[in-house]
Amino acid sequence: MKYTIKGKSPQCHPTARAADSAVLAGSVTLAENASVWYGAVLRGDIGGVSVGANSNIQDNCVLHNARVGASVTVGHGVVLDGCTVEDNCLIGMHATVLSRAVIGAGSLVAAGTLITADTVIPPGSVVMGVPGKVRAAVSDAHLAMIADSVNEYLTLAPEELPVVG
Ligand SMILES: CC(C)(COP(=O)(O)OP(=O)(O)OC[C@H]1O[C@@H](n2cnc3c(N)ncnc32)[C@H](O)[C@@H]1OP(=O)(O)O)[C@@H](O)C(=O)NCCC(=O)NCCS
């Protein structure tokens, strides 16, 4: 479902897909092959929401004024508020990322992690806990997990979701 806020409507690449139950409201941009899954809410009423190419925003996520780069997985139930997630990251299920935080490219944020406001995570980090702390550098296995997740959703999206139109 798309909504216009203060004259700003979602802008979606023709290949982007979203569930009918997802909400795209206001200044929201979906790039090529991006997918937004059941029950997710993307509200761009202040700074906008952008989702990069090949990224997936899974079920029941909430994105408010957040920037998500390319080839990113945002797991079920994640909250991204006023933050930036750079390319090739995986944000694990039910993680929360607060205002002005930046998740550096190629990082893995473990399920359930809380990234506090203004935190800058260096590229290639594994972050865990409440509050989230860098526990390690991403391994080859982590990088494979990040890539596999993106590829899995690039396969699933055309099977399950309509193009946004
Ligand atoms: C982080 C993750 C990838 C595991 O990484 P890993 O390097 O294999 O870590 P391990 O399982 O070997 O555990 C290493 C340590 O991290 C801890 N740990 C693992 N996952 C954790 C989490 N989500 N939160 C806090 N600590 C965690 C383990 O308890 C262990 O602690 P210890 O060293 O004190 O014993 C996995 O737990 C995870 O969160 N995956 C996200 C999956 C997801 O949400 N995908 C998107 C939706 S499909």
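Here the structure is a predicted model, which means the values were calculated and not measured. (Residues numbered from 1 in each chain as written. Predicted model: local features only at pLDDT ≥ 70, side-chain atom pairs only at ≥ 80, totals over all residues. Heavy atoms only, no water.)

A. Layout of the site of the ligand. In the vicinity of the ligand, the contacting residues are Gln58, Gly75, Leu90, Gly92, Met93, Leu108, Ala110, Ala111, Met128, Arg135, His142 and Met145. Within the side chain of arginine 135, a nitrogen or oxygen atom sits 3.2 Å from an oxygen atom of the ligand. Within the side chain of histidine 142, one N or O atom sits 2.8 Å away from an oxygen atom of the ligand. Surface burial for the ligand is 48%, taken as the share of its 910 Å² of free accessible area covered by protein chains. When the residues that make up the shell around the ligand are grouped by side-chain class, the tally is seven nonpolar, four polar and one charged. (Near = heavy atom within 4 Å. Polar contact = N/O pair within 3.5 Å; in protein donor to acceptor, adjacent residues only side chain to side chain. Areas by Shrake-Rupley, 256 points an atom, 1.4 Å probe, with all protein chains shown as cover. Nonpolar A, V, L, I, M, F, W, Y, C, P; charged D, E, K, R; others polar.)

B. Looking closely at the sheet that holds strand 5 (residues 35–36). Ordered by their spatial adjacency, eight strands build an open sheet running 3-5-7-10-13-16-19-20, and the pairing between neighbours is mixed. In this open sheet, the two strands that pair with only one neighbour each are strand 3 (17–18) and strand 20 (133–137). Judged from the four bridges that link them, strand 19 (residues 125–128) and strand 20 form a sheet pairing that is antiparallel. Within strand 20, the position partnered with methionine 128 by the bridge is lysine 133. (Pairing = 2+ DSSP bridges. Helix = DSSP H or I, 4+ residues; strand = E, 2+ residues; numbered from the N terminus.)

C. Up close: unusual backbone geometry. Cis geometry marks the peptide bond from valine 130 to proline 131; its omega dihedral reads -5 degrees. You can see proline 131 is positioned in the loop between strand 19 and strand 20. Even without a glycine there, the phi angle at asparagine 88 is positive, about 60 degrees. Position of asparagine 88 relative to the elements: it lies in the loop between strand 12 (84–85) and strand 13 (90–91). Judged by its relative accessible area of 40%, asparagine 88 is partly exposed. Located in the positive-phi region is arginine 100, a residue other than glycine, with phi close to 65 degrees. By the element assignment, arginine 100 lies in the loop between strand 14 (96–97) and strand 15 (102–103). (Buried < 20%, exposed > 50% of the residue type's maximum accessible area, 1.4 Å probe, protein only.)

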